[in-house]
Amino acid sequence: MKYPLIAAGLCAASMAAAEAPVLTVYAPDYFASEWGPGPGIEAGFEERCACDLQFITGDVLPRLLLEGERTEADVVIGLNTDVTLKARESGLFGTHGQDTSGLTLPIEWADDVFLPFDWSYLSFVYDNTKLENPPTSFEALLEMPDDVKIVIQDPRSSISGLGLLLWVKSVYGDDAENAWARLAPKILTVTKGWSEAYGMFTDGEADMVLSFTTSPAYHIIAEEDLTKSAAIFDEGHYVLVELAAKIATTDQPELADAFMEYVLSEEFQSMIPTSNWSYPAQLDAAKLPAQFLQLGTPEKAIFLSEQEANDVRDGALEEWRNALSQ
Amino acid sequence: MAKRLVPIKPVDGLGAVSAALILLLTLGTLAAVVTRAEGVSALRPADWAALRFTLWQAFLSASLSVLLAVPVARALARRQFFGRSALITLLGAPFILPVIVAVLGLLAVFGRSGILSTMLGWVGLPPVHIYGLHGVVLAHVFFNIPLATRLILQGWLAIPAERFRLAASLGFDNADIQRVLEWPMLRAVVPGIFMVIFLLCMTSFAVVLALGGGPKATTLELAIYQAFRFDFDLGKAALLAVIQFGLCAVVAVIAWRVATPAGMGAGLDRTVERWDTSNPVLRAQDFTVLVFATLFLLTPLVVIFLKGAGAVWTLPDVVWWSAFRSVLVALGSAALAISLSLSLALLAVKLGQKRTAGFVEGIGYLTIAASPLVVGTGLFIMIFPFARPSDLALPVTAVVNAAMSLPFALRALSPALRDIENDYGRLADSLGLSGWSRLRLLILPRMRRPLGFAAGLAAALSMGDLGVIALFADPESATLPLQMFRLMTAYRMGDAAGAALVLLALSLCLFWIFDRGGRVDADT
């Protein structure tokens, strides 16, 4: 029923577009899709800015780097902590100008260029009706019988795969290669991206899948399915943070600033849990959907700064490859 | 070679334009990427390992696909039965499936909890372990047997009925026919088909990862992806792409040297009747081959159908709009693919046996060796200074998809065209048929079958291809595969399965309509 309304909204928006200034926002495809937070955020921001917000989707950072200073992007959203070093070195980004003291991240955040808008812990998701004794620590995961099969993502093509690589490296340090070797027999396969892996899990092909502690929230809220849980490990969980940033050379600096302010607003933040299925970066726990409180939460957050991550990445990748190629 | 000293005609001009366009899309985009590279980084040992694995799995996959396709094509060529035409269409489906759909379909059959493992469980056997080199090869064989079968079947159907008639009157048995008629035909068509499949498997990437079971199964294409997405090292991506081109060129030259023209001669297009295959052993053999091929190729499709059927009716409107958009892109892409491949094939035939002919045809195969990522990025670099890439999302998709299906179209058209010129060229010359009238009166009518097949293939491939969309995507004009992918990333696996079914059904429909159009009036 809502499509005619949306269509009407779109027509109105495109008529208004003739005069209204345009804020161009680069975002990953999932973000701006019909089922992501994009449409709600577009409507919400246009309400207050008297402007036309246009999403351009695709591989955000590669595209920006290709375009360089001639980019028409004013703002980007959906960058990941693991690409910020590369992004920062490009010199394309300005400061976000927001007060980050009220963030509700499990880690310290003092970056004045990249502004968090949501986050989640990496975790292994399983079906609690099938897996009787889920592991409660990484060690327990490695000790599980080899017929428990896990699907992970490739750290060379997937952000979550890379996050797992850094997670294992943080927990096991010099012993990481050995840890991977112990995990190897349980790894059913390594996929290019998250979707294939999660599809294999929901199809019953794998017992566990590398995903997020917030993944069960989708099943609980959208499908009223309580069978999916995330295993919580004593050693702590790696945190993936998604970021927004302002392009330094934007021709709409006021609008871009207003958007950065909007990112931390309660309106924006309360859209995140049930559209991006993750935790908002600045929202009191009391304002989260009740079902989010059912989710398991790790005691400890693990996070490598962009410099630390960059320093260990190549070595960790080599260890991963050696251990899994046996 | 002095038989046709005619001035350059518009038809040849088109061929040259097509060749130029393909060069621009393949080598041009590569050059564009190189211009943005900051130095070249050396290859790591892992890259060499990836190279070895790439070649080895491609070789195994292509060999098996061709070997298994020969008996299937033979059975289809020499048997008539109810539903044969529908079966031929359906058997083509795996080739046009989007990778992610096919992988989940295959796993539902061959995976740990798949049908096969379940059936093994009933008799107390352990489940199949599909992950590894054998899984990669299995998936590639699943994708490519349909293509190999169709192309080999065309070779079979191109043997004129009169040859079999003559063979029968000479008292040939099945073994004689194999030696005298079928073997020379296979010698002519198989090397080219092997090459095409080899190249396809070389640039495969998501399948290899998903079924390869880990980093042992890494292809060059993954290394290119990594260089782009994670390292943004355009120099390295370009270097890897050059290596990929080089390898493909070597394979192409080998295939070209192995192939020998069959020289079957002309016929009167009578229905082929076989007098040599009525013995019960051969019947049983063909029957078994067809049953196994059907089971292997169609079971995963049935699974995809069952998984998606429930969700199709509740799919959101946007999915149907993107389906509509995808059909338009597919039609444009098919028209373009036919124009490109026909003009290239005409030019190549016109140039006769000379080396330049091989060169012109070789250009047509370049796109298969091109990395979609490099093509997409190169196009982006070329277009960006002049236009908004997202405004051109759909046209660019159509053009790139057309270029990507060119090798298959060419594979179908060029042997047919060569035969026509060999068989009827002199007659047409003596009648003064040239240029457009030669095309209209001689070539197009005789090429209906391969043209229909090529157009259907191009349209269907274009439906399923995500191709270069990553850099050109426009959120308002998503194609169906992209929409399906979005559903998956939004956890909506059920709706995604519904979208996959729509995609499969539309691709098959497009393919069937074109292919059928090409076979109207034909008895086979």
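Values in this document were obtained by computation on a predicted structure and should not be read as measured data. (Residues numbered from 1 in each chain as written. Chains lettered and ligands numbered in written order. Predicted model: local features only at pLDDT ≥ 70, side-chain atom pairs only at ≥ 80, totals over all residues. Heavy atoms only, no water.)

A. Structural detail: the overall build of chain A. Helix and strand counts for chain A stand at 13 helices and eleven strands. Taken over C-alpha atoms, the radius of gyration comes to 20 Å for chain A, in line with the 20 Å a tight globule of 326 residues would show. On the principal axes, the C-alpha backbone points of chain A span a range of 65 × 45 × 35 Å. Taken over 326 residues, chain A has a buried fraction of 61%. If you sum the accessible surface of chain A, you get close to 12400 Å²; carbon and sulfur atoms cover 50% of it. With 19 positive and 53 negative side-chain charges, chain A shows a separation of 5 Å between the mean positions of the two kinds. (Helix = DSSP H or I, 4+ residues; strand = E, 2+ residues; numbered from the N terminus. Rg over C-alpha atoms; globule rule 2.2 N^0.38 Å. Buried < 20%, exposed > 50% of the residue type's maximum accessible area, 1.4 Å probe, protein only. Areas by Shrake-Rupley, 256 points an atom, 1.4 Å probe, with all protein chains shown as cover. Lys, Arg positive; Asp, Glu negative; His and termini not counted. Charge placed at Lys NZ, Arg CZ, Asp CG, Glu CD.)

B. Expanded view of the overall build of chain B. In terms of regular secondary structure, chain B is built from 22 helices and zero strands. If you line up chain B on its principal axes, its C-alpha atoms span 65 × 65 × 50 Å. Across the 524 residues of chain B, 58% fall into the buried class. Taking as baseline every contact in chain B between residues at least 6 positions apart, the subset at least 24 positions apart corresponds to 84%. Summed over its atoms, the accessible surface of chain B is roughly 20900 Å², and 70% of this surface lies on carbon and sulfur atoms. Of the charged side chains in chain B, 41 are positive and 28 negative, and the gap between their average positions amounts to 4 Å. (Contact = heavy atoms within 4.5 Å.)

C. Highlighting the state of the cysteines. Applying the stated criterion to the full structure yields one disulfide over all chains. The disulfide bridge from C49 of chain A ends at C51 of chain A, spanning 2.0 Å between sulfur atoms. One quick way to see it: the torsion about the S-S bond of C49 of chain A and C51 of chain A is about -85 degrees, and its sign makes the bridge left-handed. By relative accessible area, which is 15% here, C49 of chain A ends up buried. Classification of C51 of chain A as buried rests on a relative accessible area of 7%. C201 of chain B forms no disulfide, and the closest cysteine sulfur to it belongs to C248 of chain B, at a distance of 11 Å. (Disulfide = S-S within 2.5 Å.)

D. Looking closely at the domain arrangement of chain B. Residue and element names in this part refer to chain B. As far as domains go, chain B holds domain 1 (1-35 + 315-524) and domain 2 (47-307). Using only C-alpha atoms to locate each centre, domain 1 and domain 2 end up separated by 21 Å. At the junction of the two partners, domain 1 supplies 45 residues and domain 2 supplies 45 residues. Approximately 4100 Å² of surface area, both sides summed, lies buried where domain 1 meets domain 2, with 75% of it carried by carbon and sulfur atoms. Linking domain 1 with domain 2 are one salt bridge, by the criterion used here. D515 serves as the salt-bridge partner of R150, at 3.0 Å between the closest nitrogen and oxygen. (Domains from an automatic or database assignment. Buried area = accessible area lost by both parts, 1.4 Å probe. Salt bridge = Lys/Arg side-chain N within 4 Å of Asp/Glu carboxyl O.)

E. Fine view of the interface of chain B and chain A. On the chain A side, the residues contacting the 60 residues of chain B number 61 residues. Of all residues in chain B, R112, F230 and Y491 of chain B bury the most surface against chain A, accounting for 16% of the area lost on that side. At the boundary of chain B and chain A, one finds four salt bridges. With a closest N to O distance of 3.4 Å, R112 of chain B and D207 of chain A form a salt bridge.

F. Broad picture of the side chain of T81 of chain A. Along the chain, T81 of chain A falls in the loop between β3 (75-80) and α5 (84-89). When sequence neighbours within four positions are dropped, the list of residues in contact with T81 of chain A reads W109, V241, L243, F303 and E306 of chain A.

G. Spatial organisation of the packing of aromatic side chains. Within this structure, the stated rule accounts for 36 aromatic pairs over all chains. Following the ring pairs from residue to residue traces out a cluster consisting of F31, F45, F55, F117, F259, Y262 and F268 of chain A. (Phe/Tyr/Trp six-rings, centres within 6.5 Å; stacked < 30°, edge-to-face > 60°.)

H. Broad picture of the confidence of the model for chain B. Residue and element names in this part refer to chain B. Taken residue by residue, chain B gives an average pLDDT of 82. The fraction at 70 or more is 91%. For chain B, the element scoring lowest by mean pLDDT is helix α20 (residues 469-472), at 64; helix α2 (residues 45-78) scores highest, at 90. A low-confidence stretch, residues 1-8 stays under pLDDT 50, and its non-local contacts, those more than four residues away or across chains, total eight contacts. Our summary of model confidence lists the complex with pTM equal to 0.86 and ipTM equal to 0.84. (pLDDT = per-residue confidence, 0-100.)

I. Region of the structure containing a nonpolar patch on the surface. Residue and element names in this part refer to chain B. A surface patch of nonpolar side chains, about 550 Å² in accessible area, is lined by I115, M119, W122, V123 and L125. Note that M119 resides in helix α6 (residues 115-122). Under the relative-accessibility criterion, M119 is labelled partly exposed at 41%. (Patch = residues over 30% accessible without salt bridge, like charges linked within 9 Å, V, L, I, M, F, W, Y side chains within 5 Å.)

J. Representation of unusual backbone geometry in the model. Phi is positive for A50 of chain A, which is not a glycine, with a value near 50 degrees. Locating A50 of chain A in the fold gives a position in the loop between α3 (38-49) and β2 (52-57).

K. Fine view of the pattern of salt bridges. According to the stated counting rule, one finds 28 salt bridges over all chains in the structure shown. Taking the shortest distance from any N to any O, the salt bridge between D257 of chain A and K246 of chain A comes out at 2.9 Å. Linking D257 of chain A in helix α11 (residues 253-263) with K246 of chain A in strand β9 (residues 237-246), this pair joins segments that are eleven residues apart in sequence. What makes D257 of chain A partly exposed here is its relative accessible area of 31%. Here E266 of chain A makes a salt bridge to K287 of chain A, at a shortest N to O gap of 3.2 Å. You can see E266 of chain A sitting in helix α12 (residues 266-276) and its partner K287 of chain A sitting in the loop between β10 (279-280) and β11 (301-302), a full 21 residues away along the chain. Assessed through its relative accessible area of 43%, E266 of chain A is described here as partly exposed. Looking at K287 of chain A, the relative accessible area reads 43%, which means it is partly exposed. In the salt-bridge network here, residues are joined through shared partners; they are E72 of chain A together with R388 and D391 of chain B.

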